[in-house]
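Structural overview for review
Here is how the chains run, residue by residue.
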Amino acid sequence: MRTFLRTFDGVTIDAVYEPGGVVYDAGAPPSGDVVFVVAHGFTGDVDKPHVRRVAQAFARHGSVVTFSFRGHGRSGGTSTVGDREVHDLAAAVTWARQLGHKRVATIGFSMGGSVVLRHAALYGASAEAAGLEHEGRTEAQTDAVISVSAPARWYYRGTPRMRRVHWLVTRREGRLAARYGLRTRITHRGWDPVPLSPVEAVPHIAPTPLLVVHGYLDGYFPIDHPHMLAAAAGDHGELWLEPGMGHAEHAAADELLDRIGDWAAAKAG
């Protein structure tokens with residue numbers, strides 16, 4: 001099933017729902033299984049092969065919602081590179097619940113990994129007490145969070161690949177290259193105010209289960225990033241450091257995706 005969702009700030013988001021392979025009793029709703037809401041990395045979209053591969057892997061464990069962030073693929077708006085994208089994820093989670101699912105796991109890669117962390121804090125059970133709540137908070141809550149290859153802090157330029165990303169985002173010629181070469185439309189406006197960073201968001205995720213996954217060979221964010229996130233989570237979070245793994249969806253082996261699927265199915269509910 002494919003549709004366009006609308007975020008609370010009025011952006012249209014291209015989204016796809018795929019029922020899992022679980023067999024249900026006749027007439028029973030699909031609420032017993034977990035639904036995976038997948039948040040892709042920067043310059044990805046719902047039709048990219050690496051996003052489809054991830055969706056197919058999680059379909060072995062439950063139903064799957066994939067979507068294109070604002071400014072990516074056929075979605076509207078422009079990318080804010082991790083800021084207002086939390087509302088895109090909230091719209092996708094809300095849709096998953098409206099389809100009858102009671103257990104939702106959000107999993108994000110790279111930029112999407114930072115978004116699932118911030119979304120879980122801003123829309124989570126403790127958001128109101130922390131002064132972080134957003135419109136539609138209850139329906140948009142997640143039951144488990146998996147962040148893969150995410151940055152811990154903003155404005156990181158410590159690797160050549162991240163310096164190239166900053167060129168794409170901050171320079172006019174970079175944004176033109178992203179628009180016509182990568183199907184990604186990036187806003188020319190800087191953050192104002194600067195959004196809550198991933199490491200600042202993590203302490204507000206509890207009691208929702210949290211898994212941080214990172215590769216030792218990540219060419220964008222070295223392993224001090226996942227260590228910072230794990231330290232911020234304390235006993236609440238779980239950290240998997242993967243030998244031989246690079247960055248995000250392209251580097252996530254099928255075996256790793258299966259382990260993540262098993263973890264989410266056990267924790268989301």
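Below: a short report on this structure. For clarity, every value in this text was computed on a predicted model and none was experimentally measured.

Observations concerning the nonpolar core
Core analysis: the biggest nonpolar cluster contains 46 residues, and V37, V65, F67, I205 and L210 have the highest contact counts within it. Those elements that provide at least two residues to this core are β2 (12–18), β3 (34–39), β4 (63–67), α2 (85–98), α3 (111–122), α5 (160–170), β7 (210–215) and α8 (224–233). Top element by residues in this core is α2. It accounts for eight residues. The contacts of L210, once residues within four sequence positions are left out, are L117, V145, V202, I205, A233, H236, G237, E238 and W263.

Quick notes on the pattern of salt bridges
Following the criterion strictly, the structure yields 17 salt bridges and no others. As a salt-bridge pair, D83 and R118 come within 4.0 Å of each other at their nearest N and O atoms. Linking D83 in the loop between β4 and α2 with R118 in helix α3, this pair joins segments that are 35 residues apart in sequence. Like R118, D83 is buried. Here D143 and R97 are joined by a salt bridge, their closest N and O atoms 3.0 Å apart. Highlighted residues: D143 in the loop between α4 (127–130) and β6 (144–148) and R97 in helix α2, separated in sequence by 46 residues. Relative accessible area serves as the criterion here: at 23%, D143 is assigned to the partly exposed category. Salt bridges linked by common partners bring R2, D14, D47 and R74 together as one network.

What counts and how
Residues numbered from 1 in each chain as written. Predicted model: local features only at pLDDT ≥ 70, side-chain atom pairs only at ≥ 80, totals over all residues. Heavy atoms only, no water. Core = buried A, V, L, I, M, F, W, Y, C linked by side-chain atoms within 4.5 Å. Buried < 20%, exposed > 50% of the residue type's maximum accessible area, 1.4 Å probe, protein only. Helix = DSSP H or I, 4+ residues; strand = E, 2+ residues; numbered from the N terminus. Contact = heavy atoms within 4.5 Å. Salt bridge = Lys/Arg side-chain N within 4 Å of Asp/Glu carboxyl O.

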